[in-house]
Amino acid sequence: MEGRPAGWDSIQGIRISPWKGQAIDTRLVLHAFFARTDSLLLIQGTSSTRDASARAVPNKVTQRVSSWLGDMGVTHGVITDEAVAAGGLRSASLAILCYNPYPSDAELQALQAFLKRGGKLIVFYGAEPRLAAMMNMKLGGYQKADRPGRWASFSFPQSQRWVVPARIFQDSPNLFTVSPANRSAEVIAHWENSKGQRLNEAAWVASPQGLWMSHILMNDDMQNKRDMLVGLVGQFMPSVWQASARRCIDYAGRIDSFRSMADALAQLSAAAENAQDEGRVLALIEQARAAYLSMKASFEKGEYAQVVGLSRILRDALMEAYACVQQPKRREFRGVWDHDGAGW
């Protein structure tokens with residue numbers, strides 16, 4: 001922003017400022033220009049953090065969630081804590097607090113009004129008991145992991161009901177525990193340790209007012225978290241399913257350097273004959289092909305959530321086939337980057 005703008009509804013002019021690329025004659029043609037009002041808003045933590053130095057975390061987390069939603073074709077807007085307090089949720093139906101631990105009294109009043117008119121919230125790592133009470137939940141306290149892998153993943157026992165992956169990997173170093181305050185709320189996902197054992201701490205709690213996670217979303221197991229976000233947002237905004245299904249079909253097969261589904265199938269099929277287990281690779285290719293055809297058929301029937309689920313099957317099959325066709329070389333040493341401890 002420059003100066004003190006009067007608001008989006010008062011815009012009288014638009015300036016388009018492209019940056020120079022190469023030193024060649026260039027023409028810019030503007031084919032369409034439109035504005036939209038988003039029903040889904042991410043709330044970026046600004047005044048809800050205790051000091052300015054702590055704002056790097058909410059900025060990063062908000063960008064992460066925004067990027068993942070964008071990857072899945074889910075349109076959304078981003079506003080600040082101050083904008084919420086000033087009435088910024090007026091046109092929204094769902095808001096995500098990516099990391100807004102200590103909202104002001106004015107923001108809490110705005111969030112309460114939003115919930116009273118039927119809006120829904122998804123809250124990550126909140127520390128305000130009054131906000132939890134508005135959502136029929138109650139906060140416990142801050143807990144820090146006493147050993148590596150204490151909270152290594154979380155699982156959804158009813159993953160089909162919530163249309164999410166059954167297990168999400170995330171090695172969280174701390175939590176702010178949350179639990180249902182009454183029968184209207186329920187735990188829908190529990191934390192697990194590095195051995196896969198279910199723990200008492202809730203990872204996700206749901207109520208008629210929305211959802212609450214006991215930590216932020218960290219930057220691991222990214223594709224499953226993209227799928228999880230679509231599933232959870234889709235509970236409150238069914239319209240996101242069609243856009244996400246379209247994106248899954250358009251981007252099917254684009255692993256590594258493969259440009260399309262056809263390119264992936266062609267290159268993997270050509271490489272299969274030199275694989276140690278050609279039959280296994282060909283079976284995986286056919287599994288991916290069948291999943292792709294089912295995705296297109298489901299899309300035509302309007303079964304958009306089914307398309308997103310099938311895309312996981314397709315992606316897993318292609319990834320395994322791709323791994324199987326890699327050729328060893330004599331005296332070769334292999335290492336695989338595992339940056340966040342979540343697997344390739």
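Shown above is the structure to which this text applies.
Residues numbered from 1 in each chain as written. Predicted model: local features only at pLDDT ≥ 70, side-chain atom pairs only at ≥ 80, totals over all residues. Heavy atoms only, no water.

> Tell me about the environment of V57, and please be specific about residues and values.
Residue position: V57 is located in helix α1 (residues 56-71). A relative accessible area of 41% means that V57 is categorised as partly exposed. It is 43 Å that separates the C-alpha atoms of V57 and D25, two residues lying 32 residues apart in sequence. (Helix = DSSP H or I, 4+ residues; strand = E, 2+ residues; numbered from the N terminus. Buried < 20%, exposed > 50% of the residue type's maximum accessible area, 1.4 Å probe, protein only.)

> Account for helix α10 (residues 304-324), naming residues and giving values.
A rise of 1.5 Å per residue sets the reference length of α10, with its 21 residues, at 30 Å; its end C-alpha atoms lie 31 Å apart and thus fit the reference within 8%. If you check which residues of α10 are buried, you get V307, V308, L310, S311, R312, L314, R315, A317, L318, A321 and Y322. Buried positions along α10 lie against α6 (222-236), α7 (240-250), α8 (261-272) and α9 (278-300). (Expected span 1.5 Å × (residues − 1). Contact = heavy atoms within 4.5 Å.)

> Could you give an account of the side chain of S48, with specific residues and numbers?
If you trace the backbone, S48 turns up in the loop between β1 (40-44) and α1. Residue classification places S48 among the buried positions, given a relative accessible area of 0%. Discounting chain neighbours no more than four positions away, the residues touching S48 are D81, Y99, N100, P101, Y102, P103 and E107.

> Quick rundown of the packing of α8 against α10? Include the residues and the values.
At a minimum axis separation of 11 Å, α8 and α10 run at an interaxial angle of 35°. Considering the relative orientation of α8 and α10, their crossing is left-handed. Every residue of α10 that contacts α8 at M261, A264, L265 and L268 is listed here: L314, L318, A321 and Y322. Residues that form the contact of α8 with α10 fall into these classes: eight nonpolar, no polar and no charged. (Axes fitted to C-alpha atoms, helices over the stretch in contact; angles between N-to-C directions. Left-handed = near helix turned anticlockwise from the far one by under 90°. Nonpolar A, V, L, I, M, F, W, Y, C, P; charged D, E, K, R; others polar.)

> Tell me about the pattern of salt bridges, residues and numbers included.
On inspection of all chains with the given rule, the structure shows 16 salt bridges. In this structure, E186 engages R161 in a salt bridge whose closest nitrogen and oxygen atoms are separated by 2.6 Å. Within this pair, whereas E186 is found in strand β9 (residues 186-192), its partner R161 is found in helix α5 (residues 159-162), the two being separated by 25 residues in sequence. By relative accessible area, which is 31% here, E186 ends up partly exposed. Here D227 makes a salt bridge to R312, at a shortest N to O gap of 3.1 Å. Pair noted here: D227 is in helix α6 and R312 is in helix α10, with a separation of 85 residues, a long-range link. This pair shows no difference in class: D227 is buried, exactly as R312 is. Each of D146, R147, R150 and E201 takes part in one network of salt bridges that share partners. (Salt bridge = Lys/Arg side-chain N within 4 Å of Asp/Glu carboxyl O.)

> Describe in detail helix α3 (residues 105-116), supporting the description with residues and values.
The first and last C-alpha atoms of α3 sit 16 Å apart over 12 residues, in line with the 16 Å expected at 1.5 Å per residue. For α3, the complete set of buried residues consists of E107, L108, A110, L111, F114 and L115. One side of α3 carries all its buried residues, which in axial view fall inside an arc of 160°. Of the exposed residues in α3, those oriented more than 90 degrees away from the buried face are Q109 and K116. Tucked inside the fold, the buried residues of α3 contact β1, α2 (81-85), β3 (94-97), β4 (120-124) and α4 (129-134). Residue G118 follows α3 closely and has a positive phi angle near 105°. (Arc of directions from axis to C-beta.)

> How would you summarise the environment of V230 if you had to cite specific residues and measurements?
Along the chain, the position of V230 falls in helix α6. Assessed through its relative accessible area of 0%, V230 is described here as buried. Setting aside its immediate chain neighbours within four residues, V230 contacts M72, V74, V240, W241 and S244.

> Give me the lowdown on the side chain of T46, citing residues and values where you can.
Summarising the element assignment, T46 is placed in the loop between β1 and α1. If near-sequence neighbours (up to four positions away) are discounted, T46 is found in contact with R55, T80, D81 and E82.

> Can you break down the sheet that holds β9 residue by residue, with the values?
Ordered in space as β2-β1-β3-β4-β11-β10-β9-β6-β7, the nine strands form an open sheet in which the pairing is mixed. Only two strands of the sheet have a single neighbouring strand rather than two, namely β2 (77-80) and β7 (167-172). Averaged over all adjacent pairs, the angle separating strand axes in this sheet is 25°, with direction ignored. In this sheet, β9 lies alongside strand β6 (residues 151-155) in antiparallel orientation, the contact comprising three bridges. Note on β9: the bridge partner recorded for F154 is W191. Running over the sheet, α1 touches β1, β2 and β3 and is turned about 160° from β1. Packing against the sheet, α6 makes contact with β1, β3, β4, β6, β7, β10 (198-207) and β11 (210-213), and its axis sits at approximately 110° to β7. (Pairing = 2+ DSSP bridges.)

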